[in-house]
Amino acid sequence: MANPLLQLKDYGQSVWYDNIDRAQLESGEFKRLLEEDGITGVTANPTIFDKAISSGHAYDAQIEELIREGKEVEEIYDALVVRDVQTVADLLRPIYERSAGVDGYVSLEVSPDLAHDTEGTLAAVRRYWQLVNRPNLMIKIPATPEGLPAIQQALTEGYNINITLIFSIQTYREVTEAYLTALENRNAEGQDISSIASVASFFVSRVDTLVDKLLEEKIKASNDPDEQARLRSLEGKAAIANARLVYQEFKRIFGSPRFAALRQLGAHVQRPLWASTSTKNPAYRDVLYAEELIGPDTVDTMPYETIEKFRDHGRVRYSIEDDLDGARALFKELEQLGISYEAVTQQLLDEGVQKFADSYHQLLNSIRARQQALKERQVSR
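Criteria and cut-off values
- Residues numbered from 1 in each chain as written.
- Predicted model: local features only at pLDDT ≥ 70, side-chain atom pairs only at ≥ 80, totals over all residues.
- Heavy atoms only, no water.
- Helix = DSSP H or I, 4+ residues; strand = E, 2+ residues; numbered from the N terminus.
- Buried < 20%, exposed > 50% of the residue type's maximum accessible area, 1.4 Å probe, protein only.
- Polar contact = N/O pair within 3.5 Å; in protein donor to acceptor, adjacent residues only side chain to side chain.
- Phe/Tyr/Trp six-rings, centres within 6.5 Å; stacked < 30°, edge-to-face > 60°.
- Lys NZ or Arg CZ within 6 Å of the ring centre and 35° of its normal.
- Patch = residues over 30% accessible without salt bridge, like charges linked within 9 Å, V, L, I, M, F, W, Y side chains within 5 Å.
- Areas by Shrake-Rupley, 256 points an atom, 1.4 Å probe, with all protein chains shown as cover.
- Salt bridge = Lys/Arg side-chain N within 4 Å of Asp/Glu carboxyl O.
- Lys, Arg positive; Asp, Glu negative; His and termini not counted.
- Charge placed at Lys NZ, Arg CZ, Asp CG, Glu CD.
- 1 Å grid on protein atoms, 1.4 Å probe; cavity = no way out; pocket = protein on both sides within 12 Å on 5 of 7 lines; lining within 4 Å.
- Points joined across faces, edges and corners; volume = space filled by probe spheres on them.
- Nonpolar A, V, L, I, M, F, W, Y, C, P; charged D, E, K, R; others polar.
- Pairing = 2+ DSSP bridges.
- Right-handed = clockwise from strand over helix to strand, strands pointing away.
- Axes fitted to C-alpha atoms, helices over the stretch in contact; angles between N-to-C directions.
- Parallel < 35°, antiparallel > 145°, perpendicular 65-115°, else oblique.
- Left-handed = near helix turned anticlockwise from the far one by under 90°.
- Contact = heavy atoms within 4.5 Å.

With respect to the element layout, Asp 84 can be found in helix 6 (residues 73-98). A residue is classified by how much of its surface remains accessible, and Asp 84, at 1% relative accessible area, is buried. Side-chain polar atoms of Asp 84 contact the side chain of Arg 22, separated by 2.7 Å.

A full pass over the atoms with the stated rule returns 13 aromatic pairs. On the numbers, 5.4 Å between centres and 45 degrees between planes, the contact of Phe 167 with Phe 203 is tilted. Of this pair, Phe 167 sits in the loop between strand 5 (161-166) and helix 9 (169-188) while Phe 203 sits in strand 6 (residues 198-203); the two residues are 36 residues apart in sequence, bridging distant segments of the chain. For the pair Phe 167 and Phe 203, a shared accessibility class is recorded, and that class is buried. Judged by centre distance (5.0 Å) and plane angle (75 degrees), the ring pair of Phe 254 and Phe 259 falls under edge-to-face. What links up through ring pairs into an aromatic cluster is the set Tyr 179, Tyr 247, Phe 250, Phe 254 and Phe 259. Its guanidinium or amino end placed over the ring of Tyr 128, Arg 127 lies 4.9 Å from that ring's centre, counting from NZ or CZ.

Once that is clear, we can look at a negative patch on the surface. Among the surface-exposed residues, Glu 72, Glu 74, Glu 75 and Asp 113 lie close enough to one another that they form a single negatively charged patch. Structurally, Glu 72 can be placed in the loop between helix 5 (60-68) and helix 6. For Glu 72, a relative accessible area of 52% translates into the label exposed.

A word on empty space enclosed by the protein. If you walk through the whole model with that rule in mind, you get 1 cavity of 30 Å³ or more. Within this model, the largest cavity holds a volume of roughly 70 Å³. Mapped by element, the contributors of at least two residues to the lining of the largest cavity are helix 10 (205-221), helix 16 (324-336) and helix 17 (341-380). The biggest single contributor to the lining of the largest cavity is helix 17, with 3 residues. For the lining of the largest cavity, the per-class residue count stands at 7 nonpolar, 3 polar and no charged.

Let's shift gears to the pairing of strand 5. With 6 of 6 residues buried, strand 5 lies mostly within the body of the structure. With 4 bridges connecting them, strand 4 (residues 137-142) and strand 5 associate as parallel partners. Paired with Pro 142 across the two strands is Thr 164, which belongs to strand 5. For the segment spanning strand 4, helix 8 (residues 147-156) and strand 5, crossover handedness is right-handed.

In this structure, the largest pocket occupies an estimated 620 Å³ of space. What lines the largest pocket is a set of 30 residues, among which Asp 18, Asn 45, Thr 47, Ile 48 and Pro 303 lie closest to the centre. The set of elements that each furnish at least two residues to the lining of the largest pocket consists of strand 1 (13-18), helix 4 (46-54), strand 5, strand 6, strand 7 (271-275), helix 15 (304-313) and helix 17. Per-element tally for the lining of the largest pocket: the top contributor is helix 4, with 4 residues. In this structure, the second largest pocket encloses a volume near 310 Å³. Residue lining of the second largest pocket: 18 residues in total, with Ser 168, Gln 170, Thr 171, Thr 345 and Gln 346 positioned closest to the centre. Breaking the lining of the second largest pocket down by element, the ones donating at least two residues are strand 5, helix 9 and helix 17. Its residues assigned to classes, the lining of the second largest pocket shows 9 nonpolar, 6 polar and 3 charged.

Right, let's get into the packing of helix 8 against helix 9. At a minimum axis separation of 8 Å, helix 8 and helix 9 run at an interaxial angle of 30 degrees. One element, helix 8, and the other, helix 9, form an angle in the roughly parallel class. The hand of the helix 8/helix 9 crossing is right-handed. Counting all contacts with helix 8, which are made through Leu 148, Ile 151, Gln 152, Leu 155 and Thr 156, the residues of helix 9 involved are Glu 174, Val 175, Ala 178, Tyr 179, Thr 181, Ala 182, Asn 185 and Arg 186.

Take the pairing of strand 8 (residues 298-302) next. Of all 5 residues making up strand 8, 5 are buried, and the element is well covered by its neighbours. Because side chains alternate across strand 8, one face comprises the buried residues Thr 298, Asp 300 and Met 302, and the other comprises Val 299 and Thr 301, equally buried. Relative to strand 8, strand 7 runs parallel, the two sharing 2 bridges. The residue of strand 8 that forms the bridge with Leu 273 is Val 299.

This next bit is on the packing of helix 5 against helix 6. Following both chains from N to C, one finds helix 5 and helix 6 inclined at 140 degrees, their axes separated by 10 Å at the closest point. Between helix 5 and helix 6, the angle falls in the class oblique. Helix 6 is crossed by helix 5, and the crossing has right-handed handedness. For the pair helix 5 and helix 6, contact is made by Gln 62, Ile 63, Leu 66 and Ile 67 and by Ile 76, Ala 79, Leu 80 and Arg 83, respectively.

The following block contains the structure:
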């Protein structure tokens, strides 16, 4: 049987790995994912680094060395993630060159504490670009109201940007506007636009998690079996519908005369990247989100478990434009039920920023605890 992950390339979709773990880098498992599963990029976030650094012992030696050098907690965090990102960037570099800068990127997120700080975000982008010093780095900025001007300015300055935590179609439009304006501004200044790369990370499964919860509350509040059945029939559908409608916006925006003029100058499309594609609800097919969002000029970033499951039993077909009328009707029906699209997507953005911030602080506290333990050991000697 052909590996379904490799078949996705035939449909114009790239698979990126949603994880960085030094233990996998050292064991050769990461290299195997590139060679056998056709992985062509990597994404990471504070939650991923918290899990990697806090579990196992792959980072112990470097942490202790940095503590002995008297580094502050944030400096230790930077040193750990920058080393991993550089290692991954170098492993992906042949893919980056072979694809002429379409694939082969590794993403590193600015501190979640900067989610509402435009200038602080820009300063972090410039600093990480210098620290990592790799052309196939993408820096992640969340699509908050304060993040959007930072995204536009960073792209104008020539940095590759992965815009993260996009949940709504309106925010997606604002993200693409920032990208196109940045390209136009660069071109007006006589700067090259052919080397700029950007993806718009649209989050998928979390939409179902919240919408299903709101539907469950309505099911519990109803005594009418027909109404309960109607509500149940809407579960597990919002996330895929949302992403499919965003893809229609992608086709409209990047099929426009405005982008055609930029393409003539060498501009790349800003591909939608499906994030949060692991299935959270055990009642749903475990590769549901990966199977239902396949189409050209897209990226699917998958965690390790989803990669393994998709390799084993993923079904590959052109699915991104299935049942668009049903997708539009679904959101009308949810609105009629009092489930507001704007309220859901705003809540998901707020929670997403908070979750990443919590993971980031948890990791800093873990490093701080190791710092303290080492100091105590040195004093007791």
